[in-house]
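Residue-level structural notes
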Amino acid sequence: MSVQRIGSDGQWEHDYGYSRVVVAGPHAWVAGCTATVDGRVQGNGDPYTQMKVALDIARKALEEAGFALHDVVRTRWFVVHSRDIAEVGRAHGEVFAECRPATTALVVSGLIDPGMLVEVELDAYRDGDGAESGSA
C-alpha cells in the first residue's frame, strides 16, 4: 500500500516536518488545523469562528486528498478554554450534523500561537468501492 503525503506549504509544516494530510489506502489523517490563514489567526477571540475556519482548512485538505466531510469518522478538538466548548461544539455540529463522527474534546493549556483558541484533527475512511462510508 502506498502512502501519499500532501502539504499546504505552510511554514510550520516545513519547519517542523509534517504533512497537512496523509493518505494510506482508504484512510486519511488530517494534521491539526487552526484558524491560521496566510500566517494570521482569524476570528480573534471568537472560538466559533476559529473552529469554522479550521474545519474549512481541514475540509480543503481532505478534498485535495480525494475525500469529503462525509468520510470523516473521528475528530479531536483541542480547546484552550473550557468555557469555549459549547461554541466550538456548535461550529462542529453545523459541519458534521449529517455524518456525526466520533469526537473527543480536550482542554489544553495553550496552542502554538496565543491567539489560537482551538485546533482540530480529522481522521477519514472511505469505502474502496467509492460509496459513501457513513450515514446519520
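As a starting point, this report considers the structure included with it.

About the criteria used
- Residues numbered from 1 in each chain as written.
- Predicted model: local features only at pLDDT ≥ 70, side-chain atom pairs only at ≥ 80, totals over all residues.
- Heavy atoms only, no water.
- Helix = DSSP H or I, 4+ residues; strand = E, 2+ residues; numbered from the N terminus.
- Expected span 1.5 Å × (residues − 1).
- Buried < 20%, exposed > 50% of the residue type's maximum accessible area, 1.4 Å probe, protein only.
- Arc of directions from axis to C-beta.
- Contact = heavy atoms within 4.5 Å.
- Polar contact = N/O pair within 3.5 Å; in protein donor to acceptor, adjacent residues only side chain to side chain.
- Pairing = 2+ DSSP bridges.
- Axes fitted to C-alpha atoms, helices over the stretch in contact; angles between N-to-C directions.

1. A closer look at helix H2 (residues 47-64)
Given a rise of 1.5 Å per residue, 18 residues ought to cover 26 Å, and the 26 Å separating the end C-alpha atoms of H2 matches this to within 8%. When H2 is considered as a whole, its buried residues turn out to be Pro47, Tyr48, Gln50, Met51, Ala54, Leu55, Ala58, Ala61 and Leu62. Buried residues of H2 fall within an arc of 155° about the axis and therefore sit on the same side. Each element contacted by the buried residues of H2 is listed here: strand S2 (21-24), strand S3 (27-33), strand S5 (40-41), strand S6 (72-79), helix H3 (85-96) and strand S8 (118-125). Here H2 starts with a cap whose side-chain oxygen sits 3.1 Å from the backbone nitrogen of tyrosine 48, and that cap is aspartate 46.

2. Side note on the sheet that holds strand S1 (residues 3-6)
Sheet strands associate in pairs through backbone hydrogen bonding, adopting either a parallel or an antiparallel arrangement. Strand order in the open sheet formed by six strands is S1-S2-S3-S8-S6-S7, and the pairing between neighbours is mixed. Two strands in the sheet have a free side with no partner beyond their single neighbour: S1 and strand S7 (102-107). Within this sheet the neighbouring strands show an average axis-to-axis angle of 10°, counted without direction. Inspection of the sheet shows S1 paired to S2 by four bridges, in the antiparallel sense. The residue bridging valine 3 from the neighbouring strand is alanine 24, located in S2. Where H2 meets the sheet, its contacts fall on S1, S2, S3, S6 and S8, and the angle it forms with S8 comes to roughly 30°. In the packing of H3 onto the sheet, the strands contacted are S6, S7 and S8, and the crossing angle to S6 comes to about 160°.

All quantities given are derived from atomic positions and should not be read as evidence of function.
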